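# Examination of the molecular architecture
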Amino acid sequence: MEFFKIRRDIPFMRNALVFNVISFLTFAAAVFFLVTRGLHLSVEFTGGTVMQVSYAQTAEVERVRQTVAGLGFSDVQVQNFGTARDVMIRLPAQKGVSSAQQSERVMTALKAQDPTVALSRTEFVGPQVGEELATDGLKALGMVVLGIVIYLAFRFEWKFAVAAIIANLHDVVIILGFFAFFQWEFSLAVLAAVLAVLGYSVNESVVIFDRIRENFRRYRKMSTVEIIDNAITSTISRTIITHGSTQIMVLSMLLFGGPTLHYFAMALTIGICFGIYSSVFVAAAIAMWLGVKREDLVKTGPRKEDPNDPNAGAVV
């Protein structure tokens, strides 16, 4: 599907240096905030109390959330669990307050609103579990990165693999930088969004790289810069349709999904926007600066001799 087609190639690579300087400054700022402020980790990582309560009728999640927040707990996670009558509440750990005391305070406040509420279970998530989750999350991120590098190196060429992984890590670090700067809560859902952005961003890079390889085979008189500009321009319609429809869905989660999906959708929104930017101005530009050329992507085999040619096999 192509709603529009640009007739003249847009000279993206002409301003590649300027945009990559901006990218480097943004990346450096993200690293600075990650080092100085750090991530505001959720209960899954830091430890805390997990409660599951049940109501006789459909639970009003927003009302439960306001009640628990009114007790002075910050960064409370409240969401339905299993059925519309069951609610899971995650409370951050507090110094000098036990898990039993936390759950007792919460149940007292909830029963004051609805006497039918019952405590189904309560448990304490220790920091050891949180440390294990953080370690497993980093391992998952590392495996995704390694898989992307291997895939691109086999499908295209090592220069494209290096360019794509730098662009993808650029997106991930900038997402984490936003969460560090604004001190948004970093939960397992946000980690899942970061991993999703890695795959989403590399997909855009693969589309552009595939068109670059196709152009090298088709246009033999074009320079590398012209080849890249043509590849990006010819895929713009697809980029706008794909990313536009995806962003509409993500924005609907951001605006109407409630607090449970808010930061998940926020991470995806940032990732989609920077994923488009990095695929065009970072990945393609780095591949160009690494010296990608026609010979890297178009393999020419030995010339087959015509058996009917009288000069075949002759030594000149």
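Look above for the structure.
Let us look at the structure shown here. Being a predicted model, the structure only gives us computed values, none of them experimental. (Residues numbered from 1 in each chain as written. Predicted model: local features only at pLDDT ≥ 70, side-chain atom pairs only at ≥ 80, totals over all residues. Heavy atoms only, no water.)

### Some remarks on the overall build of the protein chain
Of the regular secondary structure elements, the protein chain holds 11 helices and 6 strands. For 316 residues, the compact-globule formula gives about 20 Å, and the C-alpha radius of gyration of the protein chain, at 26 Å, lies well above that figure. The principal-axis extent of the C-alpha atoms belonging to the protein chain is close to 100 × 40 × 40 Å. Looking at the protein chain residue by residue over its 316 residues, the buried ones come to 44%. Long-range pairs, those at least 24 residues apart, make up 78% of the contacts in the protein chain with a sequence separation of at least 6. (Helix = DSSP H or I, 4+ residues; strand = E, 2+ residues; numbered from the N terminus. Rg over C-alpha atoms; globule rule 2.2 N^0.38 Å. Buried < 20%, exposed > 50% of the residue type's maximum accessible area, 1.4 Å probe, protein only. Contact = heavy atoms within 4.5 Å.)

### A short note on the packing of helix 7 (residues 188-218) against helix 9 (residues 236-256)
It is at 12 Å that the axes of helix 7 and helix 9 come closest, and there the two elements cross at 170°. Of the possible angle classes, the one that applies to helix 7 and helix 9 is roughly antiparallel. Like other packed secondary-structure pairs, helix 7 and helix 9 cross with a definite hand, here right-handed. Counted together, Tyr200, Asn203, Glu204 and Val207 of helix 7 and Arg238, Thr239, Thr242, His243 and Thr246 of helix 9 form the full contact between these two elements. Per-class residue counts for the contact of helix 7 with helix 9 are 2 nonpolar, 5 polar and 2 charged. (Axes fitted to C-alpha atoms, helices over the stretch in contact; angles between N-to-C directions. Parallel < 35°, antiparallel > 145°, perpendicular 65-115°, else oblique. Left-handed = near helix turned anticlockwise from the far one by under 90°. Nonpolar A, V, L, I, M, F, W, Y, C, P; charged D, E, K, R; others polar.)

### Quick look at unusual backbone geometry
Across residues other than glycine, the phi torsion is negative in most instances, and most of the peptide bonds are trans. Positive phi values are uncommon outside glycine, yet Gln183 reaches one of about 55°. Assignment of secondary structure puts Gln183 in the loop between helix 6 (158-182) and strand 6 (185-186). The class for Gln183 is partly exposed, based on a relative accessible area of 33%.

### Re the pairing of strand 2 (residues 48-54)
Burial analysis of strand 2 places 7 of its 7 residues in the buried class, the great majority of the element. When strand 2 meets strand 4 (residues 83-92), the two strands line up antiparallel, connected through 7 bridges. Paired with Val50 across the bridge in strand 4 is Arg90. Across 7 bridges, the pairing between strand 2 and strand 5 (residues 118-125) is antiparallel. Opposite Val50, over in strand 5, you have Glu123 as the bridge partner. (Pairing = 2+ DSSP bridges.)

### Some details on helix 6
In this model helix 6 runs 36 Å from its N-terminal to its C-terminal C-alpha over 25 residues, within 8% of the 36 Å that 1.5 Å per residue would give. Extensive coverage of helix 6 is indicated by the burial of 18 of its 25 residues. Just past helix 6, the residue Gln183 takes up positive phi, approximately 55°. (Expected span 1.5 Å × (residues − 1).)

### Observations regarding the packing of helix 1 (residues 16-36) against helix 6
The geometry of helix 1 relative to helix 6 is characterised by a closest axis approach of 8 Å and an angle of 50° between their N-to-C directions. On the basis of their axis angle, the class for helix 1 and helix 6 is oblique. Relative to helix 6, helix 1 is oriented so that their crossing is left-handed. Residue-level inspection shows Ser23, Thr26, Phe27, Ala30, Val31, Phe33 and Leu34 of helix 1 in contact with helix 6, the latter providing Leu169, His170, Val173, Ile174, Leu176, Gly177, Ala180 and Phe181. The residue makeup of the contact of helix 1 with helix 6, split by class, is 11 nonpolar, 4 polar and no charged.

### Quick word on the side chain of Asp114
Tracing the chain through its elements places Asp114 in the loop between helix 4 (99-113) and strand 5. For the buried Asp114, no salt bridge is present, and the opposite-charge side chain at shortest range is Arg63, 6.3 Å distant. (Lys, Arg positive; Asp, Glu negative; His and termini not counted. Salt bridge = Lys/Arg side-chain N within 4 Å of Asp/Glu carboxyl O.)

### So, a nonpolar patch on the surface
Together, Leu17, Val21, Phe24, Leu25 and Trp289 make up an exposed nonpolar region whose accessible area comes to about 570 Å². When residues in the nonpolar patch are grouped by element, the largest group, 4 residues, is from helix 1. Mapped onto the elements of the fold, Leu25 is located in helix 1. (Patch = residues over 30% accessible without salt bridge, like charges linked within 9 Å, V, L, I, M, F, W, Y side chains within 5 Å. Areas by Shrake-Rupley, 256 points an atom, 1.4 Å probe, with all protein chains shown as cover.)

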